[in-house]
Amino acid sequence: MQNRRVKLLWLSAIACNGNAHSFLNYPNLEQFLKDFSFVYHPILESLYSLEDIINKQVECDILLIEGAISPEFKKANTPIINLISKYANIAKKVITIGTCATFGGIFKESGYRFTTGLHFEKEKELFLFSSLKDKTISLSGCPIHPEVLVSTLYAIKEDLELHLDRFLRPKEFYAYTIHSGCTRNEYFEYKIDNHQFGRLEGCMFYEHGCQAPFSHGSCNRILWNGVNSKTRNGEPCHGCTEPDFPKQNLFRTKKNMGVPQFLPLGVSKRAYLTLAGVTKAFKIKRLEEDLF
Amino acid sequence: MDKKEAKRVEIINVALELFATKGFYSTTIPDIAKALNMSVGNLYNYFKSKDILAKEIIKYISHYLGNKLKEINMMPISTKEKTKKIVEVYFETAKNRPHMIDYFLRVYLSNREVFKDGCEGMICVSEFVTEIMIYFEEGVRRGELKNQDFFSAFGLFMGYLGGMVFLKGENILPKELEEYIDDISNNIYRALSAK
Ligand code: SF4
Ligand code: SF4
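Quick caveat, the model's predicted, so the values are computed rather than measured.

A.B. asks: Teacher, can you tell me more about the packing of aromatic side chains here?
C.D. replies: Here a ring pair, both rings aromatic, is described through the centre-centre distance and the interplanar angle of the planes. Residues and elements named next belong to chain A. A complete count under the given rule lists 31 aromatic pairs over all chains for this structure. With a centroid separation of 5.0 Å and an interplanar angle of 90°, the aromatic rings of Phe36 and Tyr154 are classed as edge-to-face. One end of the pair, Phe36, is in strand β2 (residues 36-40); the other, Tyr154, is in helix α6 (residues 146-157), with 118 residues separating them in the sequence. For Phe36, a relative accessible area of 0% corresponds to the buried category.

A.B. asks: Which parts of the structure should I look at to understand the site of ligand 2?
C.D. replies: Surrounding ligand 2, one finds Ile178, Cys219, Trp224, Lys230, Cys237, His238, Gly239, Cys240 and Thr241 of chain A. Per-class residue counts for the shell around ligand 2 are five nonpolar, three polar and one charged.

A.B. asks: Can you walk me through the interface of chain B and chain A in this structure?
C.D. replies: For an interface, size is often stated in terms of accessible area lost upon the parts coming together. Contacts between the two partners involve 22 residues from chain B and, on the opposite side, 16 residues from chain A. It is Ile123, Glu137 and Arg141 of chain B that lose the most area in chain B upon contact with chain A, and together they represent 30% of the buried surface on that side. Taken together, chain B and chain A are joined by three salt bridges. Counting every contact that joins chain B to chain A gives seven residue pairs in polar contact (both at pLDDT 80 or more).

A.B. asks: What am I meant to see in the nonpolar core here?
C.D. replies: Soluble globular proteins tend to pack their nonpolar side chains together in the buried interior. Among the nonpolar cores identified, the biggest contains 80 residues, and Phe91, Tyr103, Phe136 and Phe157 of chain B are the most heavily contacted of them. Examining the composition of this core, we find that nine residues originate from one element, helix α4 (residues 50-74) of chain B, more than from any other. Sequence-distant contacts of Phe157 of chain B, that is, excluding residues within four places in its chain, are made with Thr83, Ile86, Val87, Tyr135, Phe136, Ile188 and Leu192 of chain B. Ala13, Leu63, Val94 and Cys100 of chain A belong to the second-largest nonpolar core, a separate cluster that totals 28 residues.

A.B. asks: Explain the domain arrangement of chain A here, please?
C.D. replies: All names here are of chain A. What the domain assignment reports for chain A is domain 1 (6-171) and domain 2 (176-292). On a C-alpha basis, the centres of domain 1 and domain 2 stand 31 Å from each other. Each side of the interface is counted separately: domain 1 has 20 residues, and domain 2 has twelve residues. Roughly 1,200 Å² of surface becomes buried between domain 1 and domain 2 when both sides are summed, with 66% attributable to carbon and sulfur atoms. The salt bridge involving Arg169 is made with Glu242; its shortest N-O contact spans 3.9 Å. The interface formed by domain 1 and domain 2 contains four residue pairs in polar contact (both at pLDDT 80 or more). For the side of domain 1 that touches domain 2, the elements supplying multiple residues, two or more each, are α5 (98-103) and α6. For the side of domain 1 that touches domain 2, the element with the highest residue contribution is α6, accounting for three residues. A per-class count over the side of domain 1 that touches domain 2 returns eight nonpolar, seven polar and five charged.

Calculation criteria
- Residues numbered from 1 in each chain as written.
- Chains lettered and ligands numbered in written order.
- Predicted model: local features only at pLDDT ≥ 70, side-chain atom pairs only at ≥ 80, totals over all residues.
- Heavy atoms only, no water.
- Phe/Tyr/Trp six-rings, centres within 6.5 Å; stacked < 30°, edge-to-face > 60°.
- Helix = DSSP H or I, 4+ residues; strand = E, 2+ residues; numbered from the N terminus.
- Buried < 20%, exposed > 50% of the residue type's maximum accessible area, 1.4 Å probe, protein only.
- Near = heavy atom within 4 Å.
- Nonpolar A, V, L, I, M, F, W, Y, C, P; charged D, E, K, R; others polar.
- Contact = heavy atoms within 4.5 Å.
- Buried area = accessible area lost by both parts, 1.4 Å probe.
- Salt bridge = Lys/Arg side-chain N within 4 Å of Asp/Glu carboxyl O.
- Polar contact = N/O pair within 3.5 Å; in protein donor to acceptor, adjacent residues only side chain to side chain.
- Core = buried A, V, L, I, M, F, W, Y, C linked by side-chain atoms within 4.5 Å.
- Domains from an automatic or database assignment.

Have a look at this one:
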């Protein structure tokens, strides 16, 4: 696909279209549309209408699926499952865009029965579309960063190899935790929360529910709108890239007798507590004060 | 254990007994050397000062108790059973190695100025405290213990045990410590339990 425009078909299932909107913030859309074209997109101008793609078989290189999937859900009276099968079989690659399409996400709470992601229901692997696994890439997030989508599409166009994790997410974006790159890391190290919303001081892991140390993604490495991230700005990460998103009580750290229920990725409870005991014993004056 | 390490442990044990019985300030390095039949100079080869020795002793005790608690924490048993085992270990230690518990109560907790540099917060007792935290955390996670502030639970547990050992040391308890194990572990469990 190196020397021609790649044909994209963007199918939205049970979705809020948040990923479609997030994508509109991509700053180099003009260049992008020289290299890619939408044969169908729910809100952008495209070559074909929904009716066309249902009634005809149009050409497509990459199938993009946004939103959760249920056998009960229909688009213009056609089960979404049939539409997915029809285009996934001819596409060279399938991308699940967002946490709903990947794991079921927030729309697992919708009224449709058996609502799941394409290959996963939370952590559990599904088999309905298992023949597509080899060509699927998952991009989880609620929503995903446009840069992550666009970079993945270019990698496919240029035939570059992406390394995938067990949920088929490119490690290039998901091998890191959201915590890496946050401007509050020093407060994390010395276990200082004392955060107040909107303030620049304090780490939100200890009291305010920040899930970044155990959530995968690049929010603090590829900034939103090129300027900021949720956690830098003073809002806890809600772990929207994870299979079990959304959890409940997102603004409070769940603790058992003072010990956080979820610990930084890969760190054992004993290791965490030993380290916590040491750092908590010291007061770092600079980190107790206002920055400005 | 190599020879040097064996000697180190011997010094720690003799010193902790002296500190616990005679008091930290009334015990000198020459007293300790004499009890060990070694020269003062040689003792300094192992520990550069009395303060350093005092800190190593508390770490040694924390390591000793921490290891026993770790074994209990790894057992596939209920929190109720763990509670009883922890009480057993504590009383057993108070009986067989009474100076360890005395050192903790009468030297470590009573002479905080000796420990302020190098044993800040709970650093020197962290092995022990970590295991207590794990015992609490797992109890709550399994729905057996009530979720609450760590220190309210820790104070209840350790204050109770420390109090009993203190009463025993003052010869006020009419019975042996182990005869109280069942009642005390039941009381603690009931006080901490989620039910
Ligand atoms: S606020 Fe969150 S992302 Fe930032 S340092 Fe703390 S835990 Fe990490
Ligand atoms: S910071 Fe966390 S919740 Fe926010 S977008 Fe990134 S992964 Fe999602």
